[in-house]
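Understanding the architecture of this molecule
Given next are the chains, with one letter for each unit.
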Amino acid sequence: MATGKLEGKVAIVTGAASGIGQAVALRFAEEGARLVLADLNASDATLSQIVARGGEAMTVAVDTSSKDSCDAMVAAAVERFGRVDTGVFAAGIRQDPVSVLDLDLAALQKMLDINMMGVFHSARALARQLVAQGGGGTIVNLASTAGKIPIPGSGPYCMAKAAVIMLTKVMALELAELGIRVNALAPGFTSTPMWDPEKGSDEDLWAMSMTPMKRTGTPEEQAEACLFLASEASSYTTGQVLYSAGGQFVD
Ligand SMILES: NC(=O)c1ccc[n+]([C@@H]2O[C@H](COP(=O)([O-])OP(=O)(O)OC[C@H]3O[C@@H](n4cnc5c(N)ncnc54)[C@H](O)[C@@H]3O)[C@@H](O)[C@H]2O)c1
């Protein structure tokens, strides 16, 4: 239900063409935010849905693994809307399982460039803008339960997500006095193009064996959790990791 939780706010969402990022963009627009839809792929489908519902949005082509591209993304947002208030950094990739011993270094580098440095460049570029605006604002970095539990065969992904969690905590402390809140969302298995195993397959059964609720999450459920972290609903919360993961972590 829309209650104007982001009325008047400007939000940048990376990964806005698909999955969780797309759901976040649609939900934020519903709450009154003006959206900057940033992705390597075209976010036109997200844009047209927002516009059809009377919202305001722009698309930006970004490669989050590039510092210059992320700086240009924030600059484009400021040029269009005059300011930015929040960012959800959901651009990311997944790779086929491989052991650390057999890992191809180019593949490892690609994972770190996108899933770790991509969040770093995005969050830093936005934080610099928030500081220039005089403080305030929120940053939500997409981590994963894989940033906390080691998964054999997913070394690069786990390394990158663990780094995102620590980046989030360090930035939160550095920016707390300026009223800039930095939190991470750590989804569990969520039905998107990134996580789409056939029901009953070995991969699906493995995922469900780790998930007490015995179902995958939806992008809309993750978007709701992002809305909490990005909005005033979490006004006294910073440096935290919200595990939206069907009970994977209960400590
Ligand atoms: N789906 C899950 O089960 C799950 C679980 C935990 C964490 N996550 C994380 O949530 C985030 C979103 O995942 P998703 O499931 O929505 O995936 P998705 O594949 O549906 O969407 C990812 C988007 O990121 C974009 N992207 C990839 N590389 C990019 C780059 N270099 N620059 C800009 N955009 C780029 C893609 O074009 C795509 O639109 C990711 O960080 C992912 O690691 C997903």
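Our subject is the structure listed above.
In this report, the structure presented in the accompanying data block is examined.

The rules we used
- Residue indices begin from 1 for each chain and proceed along its sequence in written order.
- Totals for whole chains, interfaces and linings use every residue, but because this is a predicted model, local features are given only for residues with pLDDT of at least 70 and side-chain atom pairs only at 80 or more, for both listing and counting.
- In computing side-chain values, all of the structure's heavy atoms are included and hydrogens and water are not.
- Axis lines are fitted to C-alpha atoms, over the contacting stretch for helices. Their N-to-C directions set the angle, which ranges from 0 to 180 degrees.
- Helix and strand assignments come from DSSP, with helices taken as H or I runs of at least 4 residues and strands as E runs of at least 2, each series counted from the N terminus.
- Small angles under 35 degrees read as roughly parallel and large ones over 145 as roughly antiparallel, with 65 to 115 read as roughly perpendicular and the rest as oblique.
- If you view the pair so one helix is near and one far, a crossing is left-handed when the near helix is turned anticlockwise from the far one by less than a right angle, and right-handed when it is turned clockwise.
- Here, residues are in contact when the closest pair of their heavy atoms is within 4.5 Å.
- Amino acids outside the nonpolar list (Ala, Val, Leu, Ile, Met, Phe, Trp, Tyr, Cys, Pro) and the charged list (Asp, Glu, Lys, Arg) are all regarded as polar, and Gly is one of them.
- Nearness is defined per residue: one heavy atom within 4 Å of the molecule or strand is enough.
- Any pair of nitrogen or oxygen atoms within 3.5 Å is treated as a polar contact; in protein, a donor-acceptor pairing is required on top of that, and neighbouring residues in sequence qualify only through side-chain atoms on both sides.
- Note that accessible areas follow from Shrake-Rupley with a 1.4 Å probe, and for residues the cover is restricted to the protein chains shown.
- Each Phe, Tyr or Trp ring, with Trp reduced to its six-membered ring, pairs with another whose centre is within 6.5 Å; inter-plane angles below 30 degrees give stacked pairs, above 60 give edge-to-face pairs, and intermediate values give tilted ones.
- Between buried and exposed lies partly exposed: a residue is buried under 20% and exposed over 50% of the maximum accessible area for its type, with that area taken using a 1.4 Å probe on protein chains only.

1. Remarks on the packing of helix α4 (residues 105-132) against helix α5 (residues 155-175)
α5 packs onto α4 with a crossing angle of 15° between their chain directions and a minimal axis gap of 8 Å. In terms of orientation, α4 lies roughly parallel with respect to α5. Judged by the sense of rotation from one axis to the other, the crossing of α4 with α5 is right-handed. On α5, the residues touching Leu108, Met111, Leu112, Asn115, Met116, Val119, Phe120, Ala123, Arg124, Ala127 and Val131 of α4 are Pro156, Tyr157, Met159, Ala160, Lys161, Ala163, Val164, Leu167, Met171 and Leu175. Each residue belonging to the contact of α4 with α5 can be placed in one class, and the counts come to 18 nonpolar, one polar and two charged.

2. Some points on the site of the ligand
Near the ligand lie 29 residues; those nearest to it are Ser18, Ile20, Asp39, Tyr157 and Thr192. In the model, an oxygen atom of the ligand is placed 2.6 Å from a nitrogen or oxygen of the Ser18 side chain. At 2.6 Å from an oxygen atom of the ligand is found a side-chain nitrogen or oxygen belonging to Tyr157. In isolation the ligand has 830 Å² of accessible area, and contact with the protein removes 93% of it. At the level of elements, α1 (19-30) and α5 are the ones that each hand at least two residues to the shell around the ligand. The class makeup of the residues in the shell around the ligand is 16 nonpolar, ten polar and three charged.

3. As for the packing of aromatic side chains
Describing an aromatic ring pair means giving the distance of the ring centres and the angle of the ring planes. Applying the stated rule across the entire model yields four aromatic pairs. On the basis of an interplanar angle of 75° and a centroid distance of 5.4 Å, the ring pair of Phe189 and Trp206 is categorised as edge-to-face. Within this pair, whereas Phe189 is found in the loop between β6 (181-187) and α6 (202-209), its partner Trp206 is found in helix α6, the two being separated by 17 residues in sequence. We classify Trp206 as partly exposed; its relative accessible area is 34%. Plain terms: the ring middles of Tyr243 and Phe249 are 4.6 Å apart, the flat faces sit at 55° to each other, and that makes the pair tilted. The class of Tyr243 is partly exposed, set by a relative accessible area of 25%.

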